[in-house]
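Residue strings, one per chain:
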Amino acid sequence: MSYAYLFKYIIIGDTGVGKSCLLLQFTDKRFQPVHDLTIGVEFGARMITIDNKPIKLQIWDTAGQESFRSITRSYYRGAAGALLVYDITRRETFNHLASWLEDARQHANANMTIMLIGNKCDLAHRRAVSTEEGEQFAKEHGLIFMEASAKTAQNVEEAFIKTAATIYKKIQDGVFDVSNESYGIKVGYGGIPGPSGGRDGSTSQGGGCCG
Amino acid sequence: MSMEASELQDLSDDADYAASQQQGSASMMRCDSGKRSSPSEHDDAELIYLKDNVAIHPTQFASERISGRLKLTKQDSVLFLSWIPYKGQTSNAKLSEKDRSLYTITAVPFTEVRSIRRHTPALGWQYVIVVLTSGLAFPPLYFYNGGVREFLAIVKQHVFLARSAEDANVFLVNDFQSPLQRTLSSLELPSSLPVASGQYPSDGGTSNDNQGRASADVGNRVSSVNQYGLRKQKSHDPTRDLSIHLLEKFSLVTKFARDTTTQLFSENNGFGSIDKRWNNQPVHSYPEKLSNIAEEKHQESPHSYLDNDPFKDEEIANNVDVPDDPLEVNKLSLVWGKPRQPPMGRKEFTAFLDSEGRVVESKALRERVFYGGIEHQLRSEVWPFLLGYYAYDSTYAEREYLRSVKQMEYATLKQQWQSISPEQAKRFTKYRERKGLIDKDVVRTDRAFEYYEGDENLNVNIMRDILLTYSFYNFDLGYCQGMSDYLSPILYVMENESESFWCFVALMERLGPNFNRDQNGMHTQLFALSKLVELLDTPLHNYFKQNDCLNYFFCFRWILIQFKREFEYEKTMQLWEVLWTHYHSEHLHLYVCVAILKRCRSKIMGEQMDFDTLLKFINELSGHIDLESTVRDAEALCICAGENGAASIPPGTPPSLPLDDIMLYPLEDDVL
């Protein structure tokens, strides 16, 4: 399986906000309410297409509990994108966003693209955080924002792809030196124009991954 | 020949000795930035203690011994240990002057001593083994006139001695740092890690030079011979002959020590042929000798360890030069790891009990479980012993009574949170948070497993109640993700709420630190793991070091929940009961980590995995690890690592019981 680029994503946010479900919905297009809680980190991967270029997303789904923060921090290294997730039915998961953001700013590279996701928007009747509040927070902190539902799949595809599109645009604009893997981007096959050119060998990690 | 004890000056005419002295102090200067000088060079050292007739045994024959004088001296408030053989006095002509000077211990400061193990057998001579912070040890020092206790008492007056939690005969020297501090400071400064190969840097290019120096230095640091075992010699080096010679000497010493401490290995039975090989093998000469033996005696190829791709090496690029495994683990485990027996059944278990239900020989029971596990139906009776909830010497009646008392106690604890009214809960954030977390997690724990599957599953509710009760029983620790992974098999096995709770409590006595907020229990274990890999696979250690992987976070999940996510449910239970026996070590799980890593070493290094790739690779090993051969490898590694392995694991590292009590009440009684 060849790709033009590989982007490393990391999904972060409080425990139980639906990080693993978002990943599963994106990689497998299914919702599985019964799954084991995440210890450490789990991986997922999927190919998408942007600007007619095949792009592989390698997604790191992290454990959300506070005690594991010191471990989680080591996963930020070399991530091109982050999905910062809260649960619209639980106010406290929104209140904790600032501390997640601080972690991300401190441990990820400065050009990491961050998408804020208000998950579980299918549960509008139990909503505890308004859409406007989410938008406001995103605006204040320079994040992309979407409300989504891992259960109904609403906006899941869009959230992952829009993040990738933003990263892709940054590449086109020359924000990244793609030959430097610390930006979370690997260049694969596919004749990429630009200083580093195509490079092979990056698909050797078993291709399809967990998905 | 003079029978007098010779002082240091008297040895100055001995060319070998003088050379070793010179080299020794040169290298000590190098390690310690020249801050210290040996007290022997200045006569202002204060003599603290002197004991004559302290001997070592360079061979396995008790008749061959080198007697000498043991001294403690103090200079600039640093206590030094030295042992000088009597000039010319050896019991046997075969022992040369060279041997004598080889074993000389010249003024080792106690700052470099990690621990002292005492052996005071009822029959036979008392001796001590001094273990250095580098993990290496001097040969046993035999007190022919007795006086080990007195010696320890004197030492205790000058340095801080604390009894090891693991072994009442081990005294830790200057161990007042918390394991966490030690862990953190060492992790941040990898260059300061004591290396398995002694006090010499083992990095590439200059190693020959270092070896040369080390060999000359070996006169006053006998133990540094160990490093030769861990390194593959590529070219002929004249110092090598000497080092191998020393290696053999040293291993004979250890053999003698072993033979005189019969309790150590005499309890193995039923594995005769393997035991014989084992006993014929010098412990400390494992690397080269062992692989030869494995080749000679086991021509059959190691059985397939791997049942899936992750371990296969086929994709390794040919141009990457993977350093050889210094221990060749697949051969090693054939020799050292015993084959498993079928799980222990009821009949066999009953034979371990006396008429009133006491486990007569708990070690024999633990050994039996170690080598084969337990039939599932019997687990609910044996696990409480392994976990420490039941005392081995309790009777049927006492256990019956314990269960009823504990059931009432559990009910009281449970009542504490059950009596919280909705109004009270509103004002009790901590409780609400914990309950919320537990509610969310129990429905995400092993729900695909029959016992917990389906909506409104009662066992899921029981798991929630136990975890919530535990968070009140141990409010400081509370609840943390991963606990439900531990509780799930316990509840499945015990099938009783109160009994499961108390078994879980007993397990958390040891593994609670895994869930500390500051993660210190995890960091301590990851640090110990890095030390073990350094000892047992230096090339792999160096690879991790070069690739910024020394934090071992890629083993985080393995250790946090003891491989629960790596094996299927039944296999996890088998592994746990083996680990819980603490048969060879309380830390067998760390050797299990090393065993798995060693099996993948050529893939990891061959594919030049970076941290991210390695983490993903390790994650994906889940479900592809063969339990039996892994445990066998781990056992082999644990035995081979011996005291050096044990010394790599800081005292108090989970699942050892916490050191705190011992730190607070340091041994007023028993040393003296």
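Computed from a prediction, not measured in an experiment: that's the story for all the values here.

Let's shift gears to the overall build of chain B. Looking only at helices and strands, one finds 27 helices and 9 strands in chain B. Residues counted as buried form 58% of the 672 residues belonging to chain B. Carbon and sulfur atoms make up 50% of the accessible area of chain B, which totals about 27500 Å².

Before going further, it helps to examine helix H5 (residues 131-141) of chain A. All names here are of chain A. Of the positions making up H5, those classed as buried are Gly134, Phe137 and Ala138. Down the axis of H5, the smallest arc covering the buried residues is 95°, so these residues share one side. Across H5 from its buried face, at more than 90 degrees, point the exposed residues Glu132, Lys139 and Glu140. Taken together, the buried residues of H5 touch strand E4 (81-87), helix H3 (91-95), helix H4 (97-107), strand E5 (113-119) and strand E6 (144-147). Just downstream of H5, glycine 142 is the residue with a positive phi angle, here 70°.

As a further point, take the packing of aromatic side chains. Evaluation of the coordinates by the stated rule reveals 45 aromatic pairs over all chains. For the pair B:Tyr127 and B:Tyr142, a centre-to-centre distance of 4.7 Å together with 35° between the ring planes defines the contact as tilted. In this pair, B:Tyr127 is assigned in strand E6 (residues 126-132) and B:Tyr142 in strand E7 (residues 141-143), connecting sequence segments 15 residues apart. You can call B:Tyr142 buried: its relative accessible area is 1%. A centroid spacing of 6.1 Å and a plane angle of 85° characterise the contact between B:Tyr486 and B:Phe515, whose relative ring orientation is edge-to-face. With B:Tyr486 in helix H18 (residues 483-494) and B:Phe515 in the loop between helix H19 (497-511) and helix H20 (520-536), this residue pair connects regions lying 29 residues apart in the sequence. Taking the relative accessible area as the measure of exposure, B:Phe515 reaches 0% and is therefore buried. Following the ring pairs from residue to residue traces out a cluster consisting of B:Tyr410, B:Tyr470, B:Tyr473, B:Phe501, B:Trp502 and B:Phe504. Above the ring of A:Trp60, the side-chain terminus of A:Lys8 is found at 3.7 Å from the ring centroid.

All names here are of chain B. Within the secondary structure, valine 359 sits in the loop between helix H11 (346-351) and helix H12 (362-370). Through-space distance from the C-alpha of valine 359 to that of serine 394 is 7.7 Å; in sequence the pair is 35 residues apart. Discounting chain neighbours no more than four positions away, the residues touching valine 359 are Phe352, Leu353, Leu365, Phe385 and Tyr392.

Residues and elements named next belong to chain B. With omega at 5°, the peptide bond leading from proline 654 into proline 655 counts as cis. As for its position among the elements, proline 655 is in the loop between helix H26 (627-648) and helix H27 (660-664). The backbone phi angle of alanine 107 is positive, close to 40°, even though this residue is not glycine. When its relative accessible area of 7% is taken as the criterion, alanine 107 is described as buried. Even without being a glycine, glutamate 456 presents a positive backbone phi close to 55°. Looking at the secondary structure, you find glutamate 456 in the loop between helix H16 (429-442) and helix H17 (458-473). Assessed through its relative accessible area of 74%, glutamate 456 is described here as exposed.

Residue and element names in this part refer to chain B. Under the 1.5 Å per step criterion, the end-to-end length of H17 is 22 Å for 16 residues, consistent within 8% with the ideal 22 Å. Asn459, Val460, Met463, Asp465, Ile466, Leu467, Leu468, Thr469, Tyr470, Ser471 and Phe472 are the residues of H17 that are buried. Packing partners of the buried residues in H17 comprise helix H14 (396-418), H16, H18 and H19. One side-chain oxygen at the N-terminal end of H17 lies 2.7 Å from the backbone nitrogen of asparagine 459; it belongs to asparagine 457.

Cross-referencing UniProt, the feature "modified residue: N-acetylserine" maps to A:Ser2 in the present numbering. Within the secondary structure layout, A:Ser2 lies in the segment before strand E1 (5-12).

All names here are of chain A. Within E1, 8 of the 8 residues are buried, which leaves it mostly tucked inside the rest of the structure. Along E1, one buried face is formed by Tyr5, Phe7, Tyr9 and Ile11 and the opposite face, lined by Leu6, Lys8, Ile10 and Ile12, is buried too. Of the strand pairs in this sheet, E1 and strand E7 (residues 185-187) are connected by 3 bridges, and their pairing is antiparallel. Paired with leucine 6 across the strands is lysine 186, a residue of E7. Across 7 bridges, E1 lies against strand E3 (residues 53-62) in parallel orientation. Bridge pairing in E3 links isoleucine 10 to tryptophan 60. Both E1 and E4 contribute to a ladder of 4 bridges, which runs parallel. Looking across to E4, one finds that isoleucine 11 is bridged to leucine 83.

Counting residues at the interface gives 31 residues for chain A and 32 residues for chain B. Taking both sides of the interface into account, the surface hidden between chain A and chain B amounts to around 2900 Å²; carbon and sulfur atoms contribute 55%. Area buried by chain A at its contact with chain B is led by A:Leu37, A:Ile39 and A:Gln65, which between them contribute 23% of it. At the junction of chain A and chain B, the tally comes to 3 salt bridges. Counting the contacts that link chain A with chain B gives 13 residue pairs in polar contact (both at pLDDT 80 or more).

The next subject is the side chain of A:Thr72. Examined against the element boundaries, A:Thr72 turns out to sit in helix H2 (residues 69-72). Ignoring anything within four residues of it in the chain, the contact list for A:Thr72 reads A:Thr62 and A:Ala63.

A separate point is the side chain of A:Gln25. Residue and element names in this part refer to chain A. Inspection of the secondary structure puts glutamine 25 in helix H1 (residues 19-28). The buried category is assigned to glutamine 25, whose relative accessible area is 9%. In this structure the side chain of glutamine 25 is engaged in a polar contact, spanning 3.4 Å, whose partner is the backbone nitrogen of arginine 30. At 2.8 Å, the side chain of glutamine 25 forms a polar contact with the backbone oxygen of alanine 150.

About the thresholds
Position numbers for residues count from 1 along each chain, tracking the sequence in the order it is written. In the order they appear in the text, chains get letters beginning with A and ligands get numbers beginning with 1. Only residues with pLDDT of at least 70 get local features here, since the model is predicted, and only at 80 or more are side-chain atom pairs given and counted; chain-wide, interface and lining totals rely on the full set of residues. The basis for every side-chain value is the complete set of non-hydrogen atoms in the structure, without hydrogens or water. Only DSSP runs of H or I reaching four residues or more are called helices, and only runs of E reaching two or more are called strands; each is numbered from the N terminus. Exposure classes here rest on a 1.4 Å probe applied to the protein chains alone. A residue is buried below 20% of its type maximum, exposed above 50%, and partly exposed in between. Every accessible area reported is derived by Shrake-Rupley at a probe size of 1.4 Å, with residue values counting cover from the shown protein chains alone. What the arc describes is the spread of directions from the helix axis to the C-beta atoms. Note on contacts: a residue pair qualifies if any of its non-hydrogen atoms lie within 4.5 Å across the two residues. Here the aromatic set is Phe, Tyr and Trp, taking the six-membered ring for Trp, and pairing holds for ring centres within 6.5 Å; pairs whose planes are under 30 degrees apart are stacked, those over 60 apart are edge-to-face, and all others are tilted. Cation placement over rings: the criterion is NZ of Lys or CZ of Arg within 6 Å of the ring centroid and within 35° of the ring normal. Any helix carries an expected span of 1.5 Å times its number of residues minus one. Counting of polar contacts relies on pairs of N or O atoms within 3.5 Å, with two restrictions inside protein: one atom must be capable of donating a hydrogen and the other of accepting it, and residues adjacent in sequence are counted only when both atoms are side-chain atoms. UniProt positions are given in the numbering used here, feature names are shortened, and annotations may be inferred rather than shown by experiment. Strand pairing requires that DSSP identify at least two bridges connecting the strands. Summed over both partners, the accessible area (1.4 Å probe) lost when two parts come together is defined as the buried area. One side-chain nitrogen of Lys or Arg within 4 Å of one carboxyl oxygen of Asp or Glu is enough to make a salt bridge.

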